[in-house]
Amino acid sequence: TSSATSEPLVLKPGLLTTGGAVWLLQDQENLLSYLVDHVADAGDGGNFRAATFRGAAIYMESSRTKGGPKTAKSCESKYRELRKLWKLVRIIQGISGWTWSDKHGVTVTPATQGTWD
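Residues numbered from 1 in each chain as written. Predicted model: local features only at pLDDT ≥ 70, side-chain atom pairs only at ≥ 80, totals over all residues. Heavy atoms only, no water.

1. Description of the overall build of the chain
Helix and strand counts for the chain come out as 4 helices and 2 strands. Starting at the N terminus and ending at the C terminus, the chain contains elements arranged as α-α-α-β-β-α. Residue burial in the chain is summarised as follows: out of 117 residues, 30% are buried. For the chain, the proportion of contacts with a sequence separation of at least 24, taken over those separated by at least 6, is 63%. Entry remark: accessible area of the chain is about 7,700 Å², with carbon and sulfur atoms responsible for 58%. (Helix = DSSP H or I, 4+ residues; strand = E, 2+ residues; numbered from the N terminus. Buried < 20%, exposed > 50% of the residue type's maximum accessible area, 1.4 Å probe, protein only. Contact = heavy atoms within 4.5 Å. Areas by Shrake-Rupley, 256 points an atom, 1.4 Å probe, with all protein chains shown as cover.)

This is the structure in C-alpha cells:
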C-alpha cells in the first residue's frame, strides 16, 4: 500500500493544537504497526520516505489522546529512537549468557555481572 498522501492533517477537537507530542506506549505500538503495514515503502536498511511519515502523522492523529499533534518529523524521530533501542536489545541478546524478555528486560545474574560491568 502506498503511503504517499496529500491529505491534510485534521486535528481532533478538544485536544492541544500546538506543543510537543506525548508518546504513550499505545502510540508507539500504533506507529510501529503503521510502519509494518507500509514496510514495502521502506528503502534499503529500513529507511522510510518522508511521505510514509506524513501518512503516519495522519494515522496517529486519529488515536491521539494527549499532547500536541504528532507530526511527520516527530513520527520519524520516534521511529529512529525505537530503532536504536531495538538494536541495543539485539546486541544484549547476542552476548553470551545474557537474556532478554519483553516483560523484565535484561537479566543480570551473579554469573553474568562481570560482563555487565
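There is more to say after this.
2. As for a nonpolar patch on the surface
A surface patch of nonpolar side chains, amounting to about 350 Å² of accessible area, comprises L85, L88, I91 and I95. For I91, the location among the structural elements is in helix α3 (residues 72–94). (Patch = residues over 30% accessible without salt bridge, like charges linked within 9 Å, V, L, I, M, F, W, Y side chains within 5 Å. Salt bridge = Lys/Arg side-chain N within 4 Å of Asp/Glu carboxyl O.)

3. Some points on the nonpolar core
Of all hydrophobic cores here, the largest spans 12 residues; its members are W23, L31, Y34, L35, A42, F48, F53, A56, A57, M60, C75 and Y79. For this core, the secondary structure elements donating two or more residues are α1 (25–37), α2 (50–61) and α3. When residues of this core are assigned to their parent elements, the largest contribution, 4 residues, is made by α2. F53 has contacts with L35, F48, A72, C75, E76 and Y79, leaving out every residue within four places of it along the chain. (Core = buried A, V, L, I, M, F, W, Y, C linked by side-chain atoms within 4.5 Å.)

4. Focus on α1
With 13 residues, α1 extends 18 Å from end C-alpha to end C-alpha; this agrees with the ideal 18 Å at 1.5 Å per step. Those residues of α1 not exposed but buried are D27, Q28, N30, L31, Y34 and L35. The arc enclosing the buried residues of α1, seen along the axis, measures out at 160°, which places them on a common side. The exposed residues of α1 that point more than 90 degrees off its buried face are L25, V36 and D37. Turning to α1, the residues buried within the fold contact α2 and α3. (Expected span 1.5 Å × (residues − 1). Arc of directions from axis to C-beta.)

5. Quick look at the side chain of R64
You can see R64 is positioned in the loop between α2 and α3. The exposure class of R64 is buried, given its relative accessible area of 1%. For R64, the side chain forms a polar contact with the side chain of E61, separated by 2.8 Å. (Polar contact = N/O pair within 3.5 Å; in protein donor to acceptor, adjacent residues only side chain to side chain.)

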